[in-house]
Each structure stands twice: as C-alpha cells, then as structure tokens.
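Architecture at a glance
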Amino acid sequence: MRKPMLAGNWKMNKTRDEAISFILAVEGKLPDSVDCVVCAPAIILRDLVKRRTTLQIGAQNMNQNDSGAYTGEISPVMLRDTEVEYVILGHSERRAYYNETNESVNAKIKKALEFDLKPIVCVGEVLEEREAGSTNAVLKEQITKGFDGVKISNPENVIVAYEPVWAIGTGKSATSEMAEDACSYIRSVLKDMYGEAISNNIRILYGGSVNTKNVNELMSMPNIDGGLVGGASLKADSFVELCNACAK
Ligand code: PEP
C-alpha cells in the first residue's frame, strides 16, 4: 500500500516571511494519511525545517558532489545538515535551463540516497515527442539512465514524478487517462529494473497543471500516487485542498 503524497514545488517564489505565513496557515489542516511536502528555495529551508509540523520540507535541486569549487551550488552534505527530507531532481526546468542530463540526474539520485535524502525524480516528454508518438521511449530512457546502478533498499523513499513538459505551468493538464498510461508505463520500466516488490512500492506522482478542479480525477487512477504541483501549491488554501484530495 503506497502512502499518497502531495509535493508543492515553489520554484523561485516566496520570501522567508511569506513562507512562514504559509506554514502557519496550513498548520492543523493537513491529513496524516498523506505525505504533504513543500520544496522551497534553498535560502529559506532552515527556517521552514525549524517550524515544520505535519508539513515536510524538501529542496528543489542538489549538486552531486559533497563539496568543492561549484559556485552557487548546494551539496547533499548541506541539505542533510539542514534536515530536509526530500529533494527534487531532474525537474524539466533544470534540464532545459541548466543542462541537467540523465547522467547528472543519475549521479544526484545516488548521492541523495547516500545522504538519506528522498529523491523526487522528474521525468516527462516535450510536446514534439508526444506528437511523434515517442513518449514511452523518452520515459524509458530517462528512467533507465537516471536509475542506472542505483540501489534501492527502501522503495518508499524513492519518488518518481511524471511531468509532461507541455503541461507544466501551461494550465493544460494531461487527461487522467494519459497520466495513468504514462505512470503505469514508468512502473513497468521500474519493474523490469527492480522487480515487482520494489516497483510496487515506489510512489509515482503526476505533475503538470494540477489544480483543485482536476485533482480528484487524477488521483483516482491506480498508478498515480499523488501530485507534484507548482502554481496551485503557492496558496495555502489550495495546497490544503490538494493534500486532502490525495487522502483517498
Ligand atoms: C512543476 O513545477 O513541477 C509543476 C508541475 O508546475 P505546475 O503545477 O504549475 O504546472
């Protein structure tokens, strides 16, 4: 039985004060049966970790090296020290704007697990790939290369987010059938790599214009275990509503 999860990706939004107001506003309103997470800008993670209650805290990126001459980067050692639980890896914005590749995502997944951080690994096709009928081939490559040589002993600590790039921030969500097809395909690729017991316990989220109107239908799908949500996670009210919708 996979525990549902709703992870907000705040991207480059919210000051420290705004984030603390958010935490206070959601306190006492989140379901225990769902892992409710916000992935916040690195500079405010410590402030949020200090104040977390049911809400769990994650980072949005991490360098694959422990330390060194990587100006502007945040290391797994630093995230561990900050006591965040999750880290988003391979988000399509990082792949598109910061040269993140399946190979760098692979190194980051290994490092995250080494430091007891739970990776939320993003995969997904761009519109041209979907239109060319190559969605599954793209997903297979991202998963097999991203997880190449990754040892998974606690599958509940590994999360994959299917995020079709054309649905992110566009207001145009995938239909629940499209999202389910992709998530079930991802699970089958994980099954080929890790076997049934492990693949059945890895949570697979859908992300891409999830909102309070489409969340119930998306969450009713058997292979969708929750959501990775950008825009609709920024307001406390809609975040609480989305988390409760995942408590199915
Ligand atoms: C995201 O940033 O991962 C995302 C899914 O954004 P949005 O919900 O705004 O489409």
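Right above here is the structure, for reference.
Notes on the structure follow. (Residues numbered from 1 in each chain as written. Predicted model: local features only at pLDDT ≥ 70, side-chain atom pairs only at ≥ 80, totals over all residues. Heavy atoms only, no water.)

Focus on the overall build of the chain
In terms of regular secondary structure, the chain is built from eleven helices and eight strands. Relative to the compact-globule value of 18 Å for 248 residues, the chain shows a C-alpha radius of gyration of 17 Å, a close match. Projected onto the principal axes, the alpha-carbon positions of the chain cover approximately 45 × 45 × 35 Å. With 248 residues in all, the chain has 53% of them scored as buried. (Helix = DSSP H or I, 4+ residues; strand = E, 2+ residues; numbered from the N terminus. Rg over C-alpha atoms; globule rule 2.2 N^0.38 Å. Buried < 20%, exposed > 50% of the residue type's maximum accessible area, 1.4 Å probe, protein only.)

Observations regarding the site of the ligand
Taken together, 14 residues form the shell around the ligand, and within it Lys11, Glu163, Gly169, Ser209 and Gly230 come nearest. One of the side-chain nitrogen or oxygen atoms of Glu163 is found 2.7 Å away from an oxygen atom of the ligand. Between the ligand and Ser209, the relevant distance is 2.8 Å, taken from an oxygen atom to a main-chain nitrogen or oxygen of the residue. (Near = heavy atom within 4 Å. Polar contact = N/O pair within 3.5 Å; in protein donor to acceptor, adjacent residues only side chain to side chain.)

Side note on the layout of surface pockets
Take a probe with the size of a water molecule and roll it over the atoms, and the empty space left behind shows itself. By volume, the largest pocket amounts to about 610 Å³. Taken together, the residues of the lining of the largest pocket break down into ten nonpolar, six polar and four charged. (1 Å grid on protein atoms, 1.4 Å probe; cavity = no way out; pocket = protein on both sides within 12 Å on 5 of 7 lines; lining within 4 Å. Points joined across faces, edges and corners; volume = space filled by probe spheres on them. Nonpolar A, V, L, I, M, F, W, Y, C, P; charged D, E, K, R; others polar.)

Observations concerning the sheet that holds strand S4 (residues 86-89)
If you trace the eight strands once around the closed barrel, you get S1-S2-S3-S4-S5-S6-S7-S8, paired in parallel fashion. Shown here is a sheet whose adjacent strand axes are inclined to one another by a mean of 25°, direction ignored. Here S4 pairs with strand S5 (residues 118-123) via four bridges, running parallel. Residue Leu89 lies in a different strand from S5, and its bridge partner there is Val121. Helix H5 (residues 102-114) contacts S4 and S5 of the sheet and is inclined by roughly 160° relative to S5. (Pairing = 2+ DSSP bridges. Axes fitted to C-alpha atoms, helices over the stretch in contact; angles between N-to-C directions. Contact = heavy atoms within 4.5 Å.)

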